[in-house]
Amino acid sequence: MDTGDQPTPSHTGLSPPEDPHMRSHLLNDTTAEQYRRSVTDGVERVAAKLAATERPFTGISVDALAPRIDGIDLDKPLHDTTAVLDELEDVYLRDAIYFHHPRYLAHLNCPVVIPAVLGEAVLSAVNSSLDTWDQSAGGTLIERKLIDWTTDRIGLGPAADGVFTSGGTQSNLQALLLAREEAKTDSSAKLRIFASEVSHFSVKKSAKLLGLGQDAVVSIPVDHDKRMQTVALARELERCTKDGLVPMAVVATAGTTDFGSIDPLPEIAELCEQFGTWMHVDAAYGCGLLASLKHRDRIGGIERADSVTVDYHKSFFQPVSSSAVLVRDAATLRHATYHAEYLNPRRMVEERIPNQVDKSLQTTRRFDALKLWMTLRTMGADGIGQLFDEVCDLAREGWRMIAADPRFDVVVEPSLSTLVFRYIPAAVTDPAEIDRANLYARKALFASGDAIAAGTKVGGRHYLKFTLLNPETQASDIAAVLDLIAGHAEQYLGESLDRAS
């Protein structure tokens, strides 16, 4: 007779015995006090961690961290939130990458403002779903108010509308979907999308998802400042038309991911009007200029767009996710509409019931708009704009610093808050060896946990990147991280020389 461990009832297909204790984990009127205690405990731990964080990362490796998580048996719960939080400290909080640290300089991740975090706590607990009015009520109206506020800031006009999305990739996808449906053609194979060679990868991804293929995207060269060359755009639009193809959309970027460059929006708008082409502005990064007190003019011409992507979770200091797609003509959103009898039957339109699912690619959708609402009602738009202006000004100071440092080559003067540069050793001329030194420096910096920088390629060569989105970062932090990078690169080159000899 087998005396080994027997499978639990849940593994045999039998129903386990009911445990009335499980209901105590449901958030309702009877568990409100437990909810308060548990969330307070979690908040206190995170607050303590934030207060004690001395560097953005511990430098832990995948091989060191993975066994901790792999060793957890998810079929053996701890039955106690305190114990779960203790475990979370070990597998997540201790080694998380903290964007609030002033020497996190890598990607488009911003530190978040407290009113937005408060909004996140509220929306998670109430758990409204923003697809239909009967699941959200006031949440629907708050989101609509914020859409109107944003379209007004952009200047899209009285017929404008939009909807919150999961992020810039989804916003770009929906905008190009609308553009495809608005294009007049008998064959989708004839459709072409024009975007700069440094535009976001989601443009090509969207073309693929829309059944157009990546070849449908025509890459337009950029100038020295990494801005789309409008002369080249005009030439390609004309060639497209002569070849019997249909210029479906031009994607102008207001803040490229690598360089923060802003395409010449007024000139692009003129060409779009001339060729009858949908103009989409990807302002996922540059949307912070909508609140800027000093640099709003840098996105002049955005008001002429047919659609705009904004990522509040980049330059409005909101937690992920908080994004939106905006359109000049609300009627174009009908291309994303599908009526389901159980959810949003057509009669609801006639009854003027505001169902946001009528505009969205998503059905169930979080009340992410509440975070921006709480922020605006607490800080105001000028408060957000002041923070974004600070990082833009810091980037300009950092550019002057790097440009004057003979150890580095900086690519372009920043339009927003991104710096792309690379270490150039005095005694090494082999470009491949310089590439390896820069790659090593970035990896070594990350492994140390002292700071985090990003990387990219320019002209086929490896470069480093600072994305400055933290107003707490100072010029002294930039200088210190540059010294760290130079030190790591020099260490690599010294070891490389030793190996060669």
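Residues numbered from 1 in each chain as written. Predicted model: local features only at pLDDT ≥ 70, side-chain atom pairs only at ≥ 80, totals over all residues. Heavy atoms only, no water.

The protein chain goes by Lysine decarboxylase DesA in an unreviewed UniProt entry, where it is assigned to Streptomyces indiaensis. Regarding the protein chain, the relevant UniProt record gives this comment under Sequence similarities (unreviewed entry): "Belongs to the group II decarboxylase family." (UniProt positions renumbered as here; feature names shortened; annotations may be inferred.)

Asker: So what about the sheet that holds strand S10 (residues 418–423)? Which residues, and what values?
Answerer: One open sheet accounts for five strands, arranged S1-S11-S12-S10-S9; its pairing is mixed. The open sheet has two edge strands, strand S1 (104–105) and strand S9 (408–410), and neither has a second partner. One ladder, built from five bridges, connects strand S11 (residues 452–458) with strand S12 (residues 461–467); its direction is antiparallel. Of the residues in S12, the one forming a bridge with Gly 455 is Leu 464. Helix H14 (residues 380–403) contacts S9 and S10 of the sheet and is inclined by roughly 15° relative to S10. On top of the sheet, helix H15 (residues 431–448) reaches S10, S11 and S12; it is set at about 35° to S12, its chief contact. (Pairing = 2+ DSSP bridges. Helix = DSSP H or I, 4+ residues; strand = E, 2+ residues; numbered from the N terminus. Contact = heavy atoms within 4.5 Å. Axes fitted to C-alpha atoms, helices over the stretch in contact; angles between N-to-C directions.)

Asker: Kindly report on the packing of aromatic side chains, identifying the contributing residues and their values.
Answerer: Taken as a whole, this structure holds nine aromatic pairs when the rule is applied. Look at Phe 164 and Tyr 312: their rings are 5.4 Å apart centre to centre, the planes differ by 25°, and that puts the pair in the stacked class. Pair noted here: Phe 164 is in strand S2 (residues 161–165) and Tyr 312 is in helix H11 (residues 312–315), with a separation of 148 residues, a long-range link. Phe 164 gets classed as buried once you look at its relative accessible area, which sits at 2%. Given a relative accessible area of 1%, Tyr 312 falls into the buried group. Judged by centre distance (5.9 Å) and plane angle (70°), the ring pair of Phe 408 and Tyr 423 falls under edge-to-face. With Phe 408 in strand S9 and Tyr 423 in strand S10, the pair connects residues that are 15 residues apart, well separated along the chain. The pair Phe 408 / Tyr 423 is uniform in exposure class, with both members buried. Its end group placed over the ring of Phe 259, Lys 226 keeps NZ or CZ at 5.2 Å from the ring centre. The residue whose ring lies beneath Arg 422 is Tyr 463, and the NZ or CZ to ring-centre distance is 5.1 Å. (Phe/Tyr/Trp six-rings, centres within 6.5 Å; stacked < 30°, edge-to-face > 60°. Buried < 20%, exposed > 50% of the residue type's maximum accessible area, 1.4 Å probe, protein only. Lys NZ or Arg CZ within 6 Å of the ring centre and 35° of its normal.)

Asker: Outline the sheet that holds strand S3 (residues 191–196), listing residues and values.
Answerer: A sheet is described by the order of its strands in space; here seven strands give the open sequence S2-S8-S7-S6-S5-S3-S4, paired in mixed fashion. The open sheet has two edge strands with one neighbour each: S2 and strand S4 (217–220). Pairs of neighbouring strands in the sheet enclose a mean axial angle of 20°, with direction left out of account. Bridge count for S3 against strand S5 (residues 246–253) is five bridges, and the pairing is parallel. From the neighbouring strand, Leu 191 faces S5, where its bridge partner is Val 246.

Asker: Kindly report on the packing of helix H7 (residues 168–182) against helix H8 (residues 202–209), identifying the contributing residues and their values.
Answerer: For the pair H7 and H8, interaxial distance at closest approach is 9 Å and the crossing angle is 50°. Considering the angle they form, H7 stands oblique to H8. Helix-helix and strand crossings are classified by hand; for H7 and H8 the assignment is right-handed. Between H7, through Thr 169, Asn 172, Leu 173 and Leu 176, and H8, the contact on the second element is made entirely by Ser 202, Val 203, Ser 206 and Leu 209. In terms of residue class, the contact of H7 with H8 is made up of four nonpolar, four polar and no charged. (Parallel < 35°, antiparallel > 145°, perpendicular 65-115°, else oblique. Left-handed = near helix turned anticlockwise from the far one by under 90°. Nonpolar A, V, L, I, M, F, W, Y, C, P; charged D, E, K, R; others polar.)

Asker: Help me get a handle on the pairing of S12, residues and values and all.
Answerer: Within S12, five of the seven residues are buried, which leaves the element mostly enclosed by the surrounding structure. Relative to S12, S10 runs antiparallel, the two sharing four bridges. Residue pairing for S12: Val 420 is matched across the bridge by Lys 465. Hairpin connection, S11 to S12: the antiparallel pair is bridged by two residues, and Gly 459 has positive phi, about 60°.

Asker: Help me get a handle on the side chain of Arg 422, residues and values and all.
Answerer: Residue position: Arg 422 is located in strand S10. Polar contacts involving the side chain of Arg 422 include one to the main-chain carbonyl oxygen of His 462, which spans 3.0 Å. Residues within four places of Arg 422 in sequence aside, it is in contact with Arg 407, Phe 408, Asp 409, Pro 431, Ile 434, Asp 435, Asn 438, Arg 461, His 462 and Tyr 463. (Polar contact = N/O pair within 3.5 Å; in protein donor to acceptor, adjacent residues only side chain to side chain.)

Asker: So what's going on with the nonpolar core? Which residues, and what values?
Answerer: With 61 residues, the main nonpolar core has Leu 233, Val 281, Val 308 and Phe 388 as its most contacted residues. Looking at this core element by element, the count peaks at six residues for H14. Residues within four places of Phe 388 in sequence aside, it is in contact with Tyr 285, Gly 288, Leu 289, Ser 315, Phe 317, Leu 416 and Leu 469. Of all hydrophobic cores here, the second largest spans 26 residues; its members include Val 410, Phe 421, Ile 485 and Ala 486. (Core = buried A, V, L, I, M, F, W, Y, C linked by side-chain atoms within 4.5 Å.)

Asker: Give me the environment of Lys 190: which residues, what numbers.
Answerer: Within the secondary structure layout, Lys 190 lies in the loop between H7 and S3. Those residues in contact with Lys 190 that sit more than four places away from it in its chain are Thr 185, Gly 244, Leu 245 and Val 246.

Asker: Run through the side chain of Ser 129, naming residues and quoting values.
Answerer: Take Ser 129: it is sitting in the loop between helix H5 (114–126) and helix H6 (138–154). Within the structure, the side chain of Ser 129 is placed 3.5 Å from the backbone nitrogen of Arg 365, a separation counted as a polar contact. Apart from the residues within four sequence positions on either side, Ser 129 is in contact with Gln 135, Ser 136, Thr 364 and Arg 365.

Asker: Requested: an account of the pattern of salt bridges, with residues and values cited.
Answerer: What the rule picks out here adds up to 30 salt bridges. Among the salt bridges present, the one from Glu 236 reaches Arg 239, with a minimum N-O distance of 3.2 Å. Placement of the pair is Glu 236 and Arg 239 together in helix H9 (residues 230–242), with a separation of three residues, close to one helical turn. Judged by its relative accessible area of 18%, Glu 236 falls in the buried class. The network of salt bridges with shared partners includes Arg 68, Asp 90, Arg 94 and Asp 95. (Salt bridge = Lys/Arg side-chain N within 4 Å of Asp/Glu carboxyl O.)

Asker: Can you break down unusual backbone geometry residue by residue, with the values?
Answerer: Omega for the peptide link from Val 320 to Ser 321 comes to 0°, which places this bond in the cis form. Along the chain, Ser 321 falls in the loop between H11 and strand S8 (323–327). Here the phi dihedral of Phe 317 falls at roughly 65°; this positive angle occurs in a residue that is not glycine. On the secondary structure map, Phe 317 appears in the loop between H11 and S8. On the accessibility criterion, Phe 317 (2% relative accessible area) is buried.

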